[in-house]
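# Chain and residue survey
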Amino acid sequence: MKKISFQNDILPLKNKLYRLAMRITLNPEDAEDTVQETLMKVWNRRAQWEQIESIEAFCMTTCRNIALDKTRKMGNNEQSLDADEHDAPDYSHSANPEEQAIQQDRIRVVKEILNGLPEKQRTVMQLRDFEGKSYKEIGAIMNISEEQVKVNIFRARQAIKQKYILAEEYGL
């Protein structure tokens, strides 16, 4: 096993951990707290780092569990993830303001649909499509089989597709 360094191996994961926590908690402050708790928990288990096969999977699993606990305690399943205040709009895809507004509206609709998915589907979508994790890695992080990962991704994509088509045709 390789020597694991907190600064070189774990701290660089903080943005991935934040995105995962944000997808689960749907709240920036709770996501930040979750990442902080995750990093503290991982640090406190530094004696066992050498036995851990994948420190990234361990961190992601820890983050997911803390975020789920926090969500259950707060009962904030009804909240939605608003457009990130920190993200500047990307106007590179269109030349005129009308096209830009349409593109922003489409992004908003997809985010709303994604936020309406069950937690497990939201999480697998986050890990697969936004973080680029393999099915095996997602299964390890979420403690489910690769087949369950594939089923959840399929169902999430189907739900997003169907709801997006309805939103485009009839509005939300």
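Details of the structure are given in the entry above.
In short, a report on the structure. A quick note: this is a predicted structure, and the numbers were derived from the prediction, not measured. Every residue gets a number counted from 1 within its own chain, in the order that chain's sequence is written. Owing to the predicted nature of the model, reporting of local features is limited to residues with pLDDT of at least 70; listing and counting of side-chain atom pairs is limited to 80 or more, with chain, interface and lining totals taken over all residues. Derived side-chain values reflect all non-hydrogen atoms in the structure, with water molecules and hydrogen atoms excluded from consideration.

A few words on the side chain of Thr71. Secondary structure elements follow DSSP: runs of H or I of four or more residues count as helices, runs of E of two or more count as strands, with numbering from the N terminus. Residue position: Thr71 is located in helix α4 (residues 55–74). Side-chain polar atoms of Thr71 contact the backbone oxygen of Ala67, separated by 2.8 Å. Here a polar contact is taken to be a pair of N or O atoms separated by no more than 3.5 Å, where protein atoms must pair a possible hydrogen donor with a possible acceptor and residues adjacent in sequence count only if both atoms sit in side chains.

All right, on to the environment of Asn143 then. Turning to its location among the elements, Asn143 is positioned in the loop between α7 (135–142) and α8 (146–170). For the pair Asn143 and Thr61, spaced 82 residues apart in sequence, the C-alpha to C-alpha distance is 8.1 Å.

The next thing to look at is α8. Expected helix span is given by 1.5 Å per residue-to-residue step, counting one fewer step than there are residues. Counted at 1.5 Å a residue, the expected span for α8 with its 25 residues is 36 Å, and the 36 Å between its end C-alpha atoms agrees. Under the scheme applied here, a residue whose accessible area is under 20% of the maximum for its type counts as buried, over 50% as exposed, and between as partly exposed, the area being computed with a 1.4 Å probe on protein chains only. Regarding α8, the residues found buried are Val149, Asn152, Ile153, Ala156, Ala159, Ile160 and Ala167. Tucked inside the fold, the buried residues of α8 contact α5 (97–115), α6 (119–130) and α7. Here, two residues are considered to be in contact whenever any of their heavy atoms come within 4.5 Å of each other.

Attention shifts here to unusual backbone geometry. Comment: phi is negative for the bulk of residues other than glycine, and the bulk of peptide bonds are trans. In this structure, Leu26 takes a positive phi of about 60 degrees despite not being glycine. With respect to the element layout, Leu26 can be found in the loop between α2 (14–25) and α3 (28–44). Owing to a relative accessible area of 4%, Leu26 belongs among the buried residues under this scheme. The phi angle at Asn143 is positive, at roughly 60 degrees, despite the residue not being glycine. Relative accessible area serves as the criterion here: at 70%, Asn143 is assigned to the exposed category.

Describing an aromatic ring pair means giving the distance of the ring centres and the angle of the ring planes. Two rings belonging to Phe, Tyr or Trp (six-membered ring only in the last case) form a pair when the distance between their centres is within 6.5 Å. Interplanar angles under 30 degrees mark stacking, angles over 60 mark edge-to-face geometry, and anything in between is tilted. Following the criterion strictly, the structure yields 3 aromatic pairs and no others. Both rings, one in Phe6 and one in Trp43, keep their centres 5.4 Å apart while their planes meet at 80 degrees; by these two values the pair is edge-to-face. Taken together, the residues Phe6 in helix α1 (residues 6–10) and Trp43 in helix α3 connect sequence positions 37 residues apart. Using a relative accessible area of 37% as the deciding quantity, one classes Trp43 as partly exposed. Where Trp43 meets Trp49, the ring centres are 6.1 Å apart and the plane angle is 70 degrees; that geometry is what we call edge-to-face.

Attention now goes to the packing of α2 against α4. Two elements in contact, α2 and α4, have axes separated by 9 Å at closest approach and are oriented at 30 degrees. One element, α2, and the other, α4, form an angle in the roughly parallel class. Note on packing geometry: the crossing formed by α2 with α4 is right-handed. Listed contacts from α4 to Lys16, Leu17, Leu20, Ala21, Ile24 and Thr25 of α2 are Glu56, Cys59, Met60, Cys63, Arg64, Ala67, Leu68 and Thr71. For the contact of α2 with α4, the class distribution of residues is 9 nonpolar, 2 polar and 3 charged. The angle between two axes is taken between their N-to-C directions and runs from 0 to 180 degrees, where each axis is a line fitted to C-alpha atoms and a helix contributes only its stretch in contact. Should an angle fall under 35 degrees it is called roughly parallel, over 145 degrees roughly antiparallel, and 65 to 115 degrees roughly perpendicular, with every other angle called oblique. Take the far helix as your reference; a near helix turned counterclockwise from it by less than a right angle gives a left-handed crossing, and one turned clockwise gives a right-handed crossing. Gly counts as polar in this scheme, as do all residues outside two lists: the nonpolar Ala, Val, Leu, Ile, Met, Phe, Trp, Tyr, Cys and Pro, and the charged Asp, Glu, Lys and Arg.

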